[in-house]
Amino acid sequence: VRADDKAWFVAHLHFPVRYYGKTNRIIRSKAWFLGHYATVIGSELKTSILGQDPEQYLKNYQGLMVGEGSRNIWFADFADGEGFKYEIITINNSD
């Protein structure tokens, strides 16, 4: 997030990704995400994520949430067998 590493985000998206922002949509392609990155991963979402204590994330049956309130990113574990493979399943960037 801090480095605006679009390639990292694209590599960690698990399609389709739900997006809730000024409009709600289903992200179905890497190309769409990259073309709309500045809107999807806006400054308020970045602030929410970077302001969070890394040890205080939320994890429940829905996955792992980074951020707070209505500005957060949800990850789910898609590992086969050992280890973890967290991928982005939902991006919330709304008021």
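Up top is the structure these notes are about.
Quick look at the structure, then.

1. Here's the deal with the overall build of the protein
- Regarding its fold elements, the protein presents 4 helices and 6 strands.
- Each helix (α) and strand (β) of the protein, taken in turn from the N terminus, gives the series α-β-β-α-α-α-β-β-β-β.
- The C-alpha radius of gyration computed for the protein amounts to 13 Å, which stays within 12% of the reference 12 Å derived for 95 residues, consistent with globular compactness.
- With respect to the three principal axes, the spread of C-alpha positions in the protein is 35 × 30 × 25 Å.
- Looking at the protein residue by residue over its 95 residues, the buried ones come to 36%.
- Restricting the contact set of the protein to residue pairs at least 6 apart, pairs at least 24 apart contribute 43%.
- Only carbon and sulfur atoms are counted for the fraction: they give 51% of the accessible area of the protein, which is about 6100 Å².
- Looking at charge distribution, the protein has the averaged site of its 11 positive side-chain charges lying 9 Å from that of its 11 negative ones.

2. A closer look at the sheet that holds strand β4 (residues 63-68)
- Strands sit in the order β2-β1-β6-β5-β4-β3 across an open sheet of 6 strands; the sheet is mixed. Where the open sheet ends on each side, the last strands, each with one partner, are β2 (24-27) and β3 (58-60). This sheet shows a mean twist of 15° between the axes of neighbouring strands, independent of strand direction.
- One ladder, built from 4 bridges, connects strand β1 (residues 13-20) with β2; its direction is antiparallel. Counted as the bridge partner of Tyr-19 is Arg-25 from β2.
- Against the sheet, helix α4 (residues 43-50) engages β4, β5 (71-77) and β6 (86-93), with an angle of about 65° to β5.

3. Re the pairing of β1
- Sheet topology places β1 next to β6; 4 bridges connect them, and they run parallel. Following the sheet pairing, Arg-18 is matched in β6 by Thr-90.
- The hairpin turn running from β1 into β2, its antiparallel successor, is 3 residues long.

Rules and cut-offs
- Residues numbered from 1 in each chain as written.
- Predicted model: local features only at pLDDT ≥ 70, side-chain atom pairs only at ≥ 80, totals over all residues.
- Heavy atoms only, no water.
- Helix = DSSP H or I, 4+ residues; strand = E, 2+ residues; numbered from the N terminus.
- Rg over C-alpha atoms; globule rule 2.2 N^0.38 Å.
- Buried < 20%, exposed > 50% of the residue type's maximum accessible area, 1.4 Å probe, protein only.
- Contact = heavy atoms within 4.5 Å.
- Areas by Shrake-Rupley, 256 points an atom, 1.4 Å probe, with all protein chains shown as cover.
- Lys, Arg positive; Asp, Glu negative; His and termini not counted.
- Charge placed at Lys NZ, Arg CZ, Asp CG, Glu CD.
- Pairing = 2+ DSSP bridges.
- Axes fitted to C-alpha atoms, helices over the stretch in contact; angles between N-to-C directions.

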